[in-house]
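Examining the three-dimensional arrangement
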Amino acid sequence: MLNKLRPALGRVLTPIGQAVARTGVSPNAITIIGTAGVAAGALLLFPRGEFFWGTMVITAFVLFDMLDGAVARVTGKISRFGAFLDSTMDRVADAAIFSGLMIGLYRDGQEALAGVALYCLVSGVVVSYAKARAEGLGYTCDVGIAERAERLIVALVAAGFSGLGVPYILAAALWALAALSTVTVGQRFATVYAQAKADPAPAPAGGAPSGGGADRTDEPGAANAGDRAGDRDGVTGPRRRDGDGPGAKAAANAGPERRR
């Protein structure tokens, strides 16, 4: 849903990206540093119950990480490997955030809520993979009320206020995220199923290999190829897309045939 903000964020981040580019730092270095900072804040501070300061550290590195797409555009260092690295590091950051929350809650004696945090982690991965796999098979899957940006904003805002002593806010946020992520998975399954019913191409002989095809990140599809800006499942700010570079459309269509 926050995808609508991407053009405005792009206009804000481009001049900042130009300033950062003059330092000589590469887009891939920004991606790695941003992810490392997020993981450190989540796994070192959240397990100790430092939810407020953990949120501050994570937010700072998330904002820094948003600049990789802007730097890539202004320097011309747009690559498909950069898109792959960016999307992979997003999954690492998400796992670190919810793992840190889960450990912190478990150590605080809130075992049930720790289990909800684990469910949010797993369901978030399924939300991302459902779209990646659908687009790898040639379907469109741009639906969902709880994409990555929404999930991170809700989790971090709730964790920050919880660290300031606001009661029940983290529990309410995690239960809401669990429900919304489940709905989003259902929306994506329903969308792909409807397309499969409308275009029931037969499966290849013997079936497609498990996990085959051109899996793509949880981002808008290759129609926006060439613009390294984009978000990771609707994430805050311009990012590099998995459809960048020459031949991206051909690569996207190189996966197995659509199946029922």
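Residues numbered from 1 in each chain as written. Predicted model: local features only at pLDDT ≥ 70, side-chain atom pairs only at ≥ 80, totals over all residues. Heavy atoms only, no water.

**As for the nonpolar core**
As a reminder, the rule being used: As used in this record, nonpolar core signifies buried Ala, Val, Leu, Ile, Met, Phe, Trp, Tyr and Cys residues forming a set joined through side-chain atoms within 4.5 Å. Exposure classes here rest on a 1.4 Å probe applied to the protein chains alone. A residue is buried below 20% of its type maximum, exposed above 50%, and partly exposed in between. Every helix listed is a DSSP run of H or I at least four residues long, and every strand listed is a run of E at least two residues long, numbered separately from the N terminus. Two residues qualify as a contact provided that any one of their heavy atoms is within 4.5 Å of a heavy atom in the partner residue.
Ile97 and Leu174 are the most contacted members of the largest nonpolar core, which totals 29 residues. Secondary structure elements with two or more residues in this core: helix H2 (27-45), helix H3 (51-65), helix H5 (80-107), helix H6 (111-136), helix H7 (148-163) and helix H8 (169-198). Setting aside residues up to four positions removed in sequence, Ile97 forms contacts with Val38, Ala42, Phe46, Ile58, Leu152 and Leu156. Within the second largest apolar cluster, eight residues are counted, among which are Leu13, Val20, Ala21 and Met66.

**Description of the packing of aromatic side chains**
One pair of aromatic rings is described through two measures. These are the centre distance and the angle between the planes. The test is simple: Aromatic rings from Phe, Tyr and Trp, with only the six-membered ring used for Trp, were paired whenever their centres fell within 6.5 Å, and each pair was classed as stacked if the ring planes differed by under 30 degrees, edge-to-face if by over 60, and tilted otherwise.
All told, the structure shown has three aromatic pairs when counted by the stated rule. Ring centres of Phe46 and Phe51 lie 5.5 Å apart, and the angle between their planes is 75°; on these two criteria the pair is classed as edge-to-face. Residue Phe46 shares its accessibility class with Phe51, and that shared class is buried.

**Some points on the pattern of salt bridges**
How we decide: For this analysis, a salt bridge means a side-chain nitrogen from Lys or Arg found within 4 Å of a carboxyl oxygen belonging to Asp or Glu.
On inspection of all chains with the given rule, the structure shows five salt bridges. A salt bridge links Asp90 to Arg148; the nearest nitrogen and oxygen atoms lie 4.0 Å apart. Within this pair, whereas Asp90 is found in helix H5, its partner Arg148 is found in helix H7, the two being separated by 58 residues in sequence. Taken as a pair, Asp90 and Arg148 share a single burial class, namely buried. Note that Arg91 is salt-bridged to Asp94, the shortest N-O span being 3.8 Å. Here the residue Arg91 and the residue Asp94 both occupy positions in helix H5, the gap between them amounting to three residues, near one helical turn.

**Some points on the confidence of the model for the protein**
Under the convention used in this document: For every residue, the predictor assigns a confidence score, pLDDT, that lies between 0 and 100.
On average, the protein scores 80 in pLDDT, and the residues at 70 or more come to 75%. Note that residues 234-260 has pLDDT below 50 and, in this model, 112 contacts with residues that lie over four places away or in other chains.

**Digging into helix H4 (residues 67-75)**
What H4 keeps buried is the set Leu67, Asp68, Gly69, Ala70, Val71 and Ala72. Positioned one or two residues after H4, Gly76 has a phi angle of 75°, which is positive.

**Comments concerning a nonpolar patch on the surface**
Applicable threshold: A patch consists of residues exposed above 30% relative accessible area that lack any salt bridge, with like charges linked at up to 9 Å and nonpolar side chains (Val, Leu, Ile, Met, Phe, Trp, Tyr) linked at up to 5 Å. Each accessible area is a Shrake-Rupley result for a 1.4 Å probe, and residues are judged covered by the shown protein chains and nothing else.
Taken together, the side chains of Ile153, Val157, Phe161, Leu164 and Val166 define a hydrophobic patch exposed on the protein surface, amounting to about 420 Å² of accessible area. With a relative accessible area of 44%, Val157 lands in the partly exposed category.

**So, the side chain of Ser181**
Turning to its location among the elements, Ser181 is positioned in helix H8. Excluding its chain neighbours within four sequence positions, the residues that come into contact with Ser181 are Ser123, Val127, Ala146 and Arg151.

**Comments concerning the packing of H5 against H7**
We count it as follows: To define axes, lines are fitted to C-alpha atoms, for helices over the stretch in contact only, and angles between the resulting N-to-C directions are given on a 0 to 180 degree scale. To sort the angles, those under 35 degrees are grouped as roughly parallel, those over 145 as roughly antiparallel, those from 65 to 115 as roughly perpendicular, and the leftovers as oblique. Less than a right angle of anticlockwise turn of the near helix away from the far helix marks a crossing as left-handed, whereas a clockwise turn marks it as right-handed. Nonpolar residues are Ala, Val, Leu, Ile, Met, Phe, Trp, Tyr, Cys and Pro. Charged residues are Asp, Glu, Lys and Arg, and all others, Gly as well, are polar.
One way to put it is that H5 packs onto H7 with a least axis distance of 12 Å and a crossing angle of 30°. When the axes of H5 and H7 are compared, the pair comes out roughly parallel. As H5 runs across H7, the sense of the crossing is left-handed. Of H7, the residues touching H5 (which contributes Asp90, Arg91, Ala93, Asp94, Ile97, Phe98 and Leu101) are Arg148, Arg151, Leu152, Ala155, Leu156 and Ala159. A breakdown of the residues in the contact of H5 with H7 according to their chemical character gives eight nonpolar, no polar and five charged.

**Notes on the side chain of Thr35**
The condition is simple: Counted as a polar contact is a pair of N or O atoms within 3.5 Å, where, for protein atoms, one must be capable of donating a hydrogen and the other of accepting one, and residues adjacent in sequence contribute only when both atoms are in side chains.
Tracing the chain through its elements places Thr35 in helix H2. Side-chain polar atoms of Thr35 contact the backbone oxygen of Thr31, separated by 2.9 Å. Those residues in contact with Thr35, other than ones at most four positions away along the chain, are Met89, Val92 and Ala93.

**Description of unusual backbone geometry**
The phi dihedral of Tyr168 falls on the positive side, at around 70°, and the residue is not glycine. Checked against the element boundaries, Tyr168 lands in the loop between H7 and H8.

**Looking at H8**
For clarity, the cut-off: A helix is expected to span 1.5 Å for every residue after the first.
In a regular helix each residue adds 1.5 Å, so 30 residues correspond to 44 Å; H8 covers 43 Å between its end C-alpha atoms and thus fits that length. Among all positions of H8, only Leu170, Ala173, Leu174, Leu177, Ala178, Ser181, Thr184, Val185, Arg188, Val192 and Ala196 are buried.

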